[in-house]
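Each chain, written out:
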Amino acid sequence: MKRIILSLIMLTFGLTTQAQDLPANPQPGKCYVRCTTPDVYENQTEQVQIAPAYKILKKYPATFKTVTEKVLVKPEDKKLKIIPARYSTETVSFIKKQGGSTIAITPARFGESSETIEIKSAYALWELGAPAPDCASSNPDDCRYWCYKGYPAEFTTVPTKTLVSDASIDRTPLGQQSGSYSRRVIVEPTRVVEEIIPAVYSTITKTVLDKDAYTTEEVIPAKFKTVSKEVLKQKGGLTTWREVECSLVEYSALPINWNTGSATLTATARGLIDSRLLPVIKQNPGSKMEIASHTDSRGSKANNQALSERRAQAVVNYLISKGINNSRLVANGYGENKLKNRCSDGVSCTERQHASNRRTEFRLINN
């Protein structure tokens with residue numbers, strides 16, 4: 001029966017060994033961790049605009065001032081004064097009736113006379129005479145002769161009048177009549193004298209715009225935040241076994257003195273991480289590290305659990321800020337679940353005993 005059980009145990013161990021792909025040819029007393037060839041990342045920064053640029057307008061009200069001003073209430077004017085004309089009297093002679101003349105007319109005188117006028121001039125013409133008595137022709141126009149007979153001119157006597165003396169005029173002059181009258185003549189004409197009436201002014205008080213309402217503009221620049229990011233440069237993934245110090249696979253203390261109830265890393269704590277953790281994780285590429293944080297039993301379990309998780313995560317976040325890929329880090333908070341002594345709830349312990357439970361530890365684990 002014991003042999004059967006032993007055989008089953010050996011078979012189980014062999015199957016487990018094959019399933020876990022343990023390192024070949026391990027050395028006694030040596031420790032090994034399974035490492036994954038890490039992805040190679042490059043840390044880059046990127047400027048992200050978290051707030052746009054904008055402008056602030058500030059308004060200023062209009063300002064006024066009081067001024068006095070001399071204003072015209074009655075314009076300058078003129079008053080005209082008329083100076084009447086001065087006259088004198090003078091006698092003026094004139095022809096009251098102009099002189100003329102009377103006319104006597106003597107008519108024309110005529111004498112008796114006559115004048116003989118030729119009314120038909122003397123003339124001659126051919127005339128056919130009587131036929132000759134001894135003419136033997138039976139034609140009555142034969143045996144006749146032509147005579148060229150002249151006739152005297154004819155006259156008539158016309159009675160006429162002759163001008164003895166033509167009509168004439170006898171003019172008898174008539175004398176003219178003189179008269180006189182009095183008239184007024186201008187010695188000095190009417191004139192206008194101009195008198196200036198001065199303008200009238202008054203002083204008034206008024207409120208005038210000194211400077212109108214206005215605004216000033218202030219440009220608030222955009223805000224940017226530098227974001228660190230990891231950019232994959234080379235893909236890893238191959239699994240190998242690496243020999244490590246055996247002390248590194250066991251929990252080692254990271255003696256951070258946390259402030260009560262706080263998960264904030266102090267400058268001393270950050271220096272401790274730089275000197276203790278960073279060299280270990282850098283010298284063991286591809287390995288994975290667990291950050292474990294614990295509290296004492298004082299306080300509620302829920303609060304202690306949350307506090308321990310925040311403290312472990314604070315350490316991991318700091319390592320990431322130093323360039324460690326987050327895939328190689330594990331943050332575990334155990335609260336008061338893994339006390340190192342008897343100081344559980346209800347047990348009276350010294351401060352030093354409680355302090356031994358408030359701890360942060362690290363170790364290398366399989367990747």
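So, how was this worked out
- Residues numbered from 1 in each chain as written.
- Predicted model: local features only at pLDDT ≥ 70, side-chain atom pairs only at ≥ 80, totals over all residues.
- Heavy atoms only, no water.
- Patch = residues over 30% accessible without salt bridge, like charges linked within 9 Å, V, L, I, M, F, W, Y side chains within 5 Å.
- Areas by Shrake-Rupley, 256 points an atom, 1.4 Å probe, with all protein chains shown as cover.
- Salt bridge = Lys/Arg side-chain N within 4 Å of Asp/Glu carboxyl O.
- Helix = DSSP H or I, 4+ residues; strand = E, 2+ residues; numbered from the N terminus.
- Buried < 20%, exposed > 50% of the residue type's maximum accessible area, 1.4 Å probe, protein only.
- Axes fitted to C-alpha atoms, helices over the stretch in contact; angles between N-to-C directions.
- Parallel < 35°, antiparallel > 145°, perpendicular 65-115°, else oblique.
- Contact = heavy atoms within 4.5 Å.
- Nonpolar A, V, L, I, M, F, W, Y, C, P; charged D, E, K, R; others polar.
- Expected span 1.5 Å × (residues − 1).
- Bend = angle between axes of the 7 residues up to and from the residue.
- Pairing = 2+ DSSP bridges.
- Polar contact = N/O pair within 3.5 Å; in protein donor to acceptor, adjacent residues only side chain to side chain.

> I'd like to hear about a nonpolar patch on the surface, residue by residue, with values.
Taken together, the side chains of Trp 126, Leu 128, Trp 146 and Tyr 148 present a nonpolar region at the surface, about 520 Å² in accessible area. Counting only elements with at least two residues in the nonpolar patch, the list comes to β9 (123-128) and β10 (146-151). Take Leu 128: it is sitting in strand β9. Judged by its relative accessible area of 34%, Leu 128 falls in the partly exposed class.

> Explain the packing of helix α2 (residues 267-283) against helix α3 (residues 301-321) to me, using residue names and the numbers behind them.
Axis separation between α2 and α3 bottoms out at 11 Å; the angle between their running directions is 70°. Judged on the interaxial angle alone, α3 and α2 are roughly perpendicular. Judged by residue contacts, Arg 270, Ile 273, Asp 274, Leu 277 and Leu 278 of α2 engage Val 315, Tyr 318 and Leu 319 from α3. Tallied by class, residues from the contact of α2 with α3 come to 6 nonpolar, no polar and 2 charged.

> Tell me about α2, and name the residues and values.
Taking 1.5 Å per residue as the helical rise, α2 with its 17 residues ought to reach 24 Å, and the 24 Å between its terminal C-alpha atoms agrees with that figure. At Leu 277, α2 is deflected by roughly 35°, the largest bend along its length, and proline Pro 279 occurs up to four residues later in sequence. All of the buried residues in α2 are Ala 269, Leu 272, Ile 273, Leu 277, Leu 278, Val 280 and Ile 281. Elements in contact with the buried residues of α2: β20 (288-294), α3, β21 (329-335) and β22 (360-365).

> Describe the pattern of salt bridges, listing the residues and the values that go with them.
Enumeration according to the criterion identifies 13 salt bridges in this entry. Arg 358 serves as the salt-bridge partner of Asp 296, at 2.9 Å between the closest nitrogen and oxygen. Taken together, the positions of Asp 296 in the loop between β20 and α3 and Arg 358 in the loop between α4 (351-357) and β22 put the pair 62 residues apart, joining distant regions of the chain. The partner of Arg 298 in a salt bridge is Glu 351, and the shortest N-O contact between them spans 3.2 Å. Taken together, the residues span a long stretch of sequence, with Arg 298 in the loop between β20 and α3 and Glu 351 in helix α4 at a distance of 53 residues. By relative accessible area, which is 45% here, Glu 351 ends up partly exposed. Here the salt bridges do not stand alone but share partners, grouping Asp 296, Arg 298, Glu 351 and Arg 358 into one network.

> If you had to explain α3 to someone new, which residues and values would you point to?
A rise of 1.5 Å per residue sets the reference length of α3, with its 21 residues, at 30 Å; its end C-alpha atoms lie 30 Å apart and thus fit the reference within 8%. Along α3, the residues classified as buried are Asn 304, Leu 307, Ser 308, Arg 311, Ala 312, Ala 314, Val 315, Val 316, Tyr 318 and Leu 319. If you follow the buried residues of α3, they end up packed against α2, β20 and β21. Gly 323 occupies a position one or two residues after α3 and carries a positive phi of about 100°.

> Describe the sheet that holds β21, with residues and values.
Each strand in a sheet pairs with its neighbour through backbone hydrogen bonds, running either in the same direction (parallel) or in the opposite one (antiparallel). The strand order across the open sheet built from 4 strands is β19-β22-β20-β21, with neighbouring strands paired in mixed fashion. One side of each edge strand has no neighbouring strand; the edge strands of this open sheet are β19 (252-253) and β21. Across 6 bridges, β20 lies against β21 in parallel orientation. Within β21, the residue paired with Met 289 across the bridge is Leu 329. On the sheet, α2 packs against β19, β20, β21 and β22 and is oriented at approximately 155° with respect to β20. Contacting β20 and β21, α3 runs over the sheet at an angle of about 160° to β21.

> Hey, could you go over the side chain of Thr 360 for me, with residue numbers and the actual values?
In this fold, Thr 360 is placed in strand β22. At 2.9 Å, the side chain of Thr 360 forms a polar contact with the side chain of Trp 258. Every residue in contact with Thr 360, bar those within four places of it in the chain, is listed here: Ser 252, Ala 253, Leu 254, Trp 258, Ile 291, Ala 292 and Ser 293.

> Lay out the environment of Ile 50 in plain terms, naming residues and giving numbers.
You can see Ile 50 is positioned in strand β2 (residues 40-51). On a C-alpha basis, the gap between Ile 50 and Ala 222 in space is 7.7 Å, while along the polypeptide they are 172 residues apart. Ignoring sequence-local partners within four residues, the contact set of Ile 50 consists of Lys 223, Phe 224 and Lys 225.

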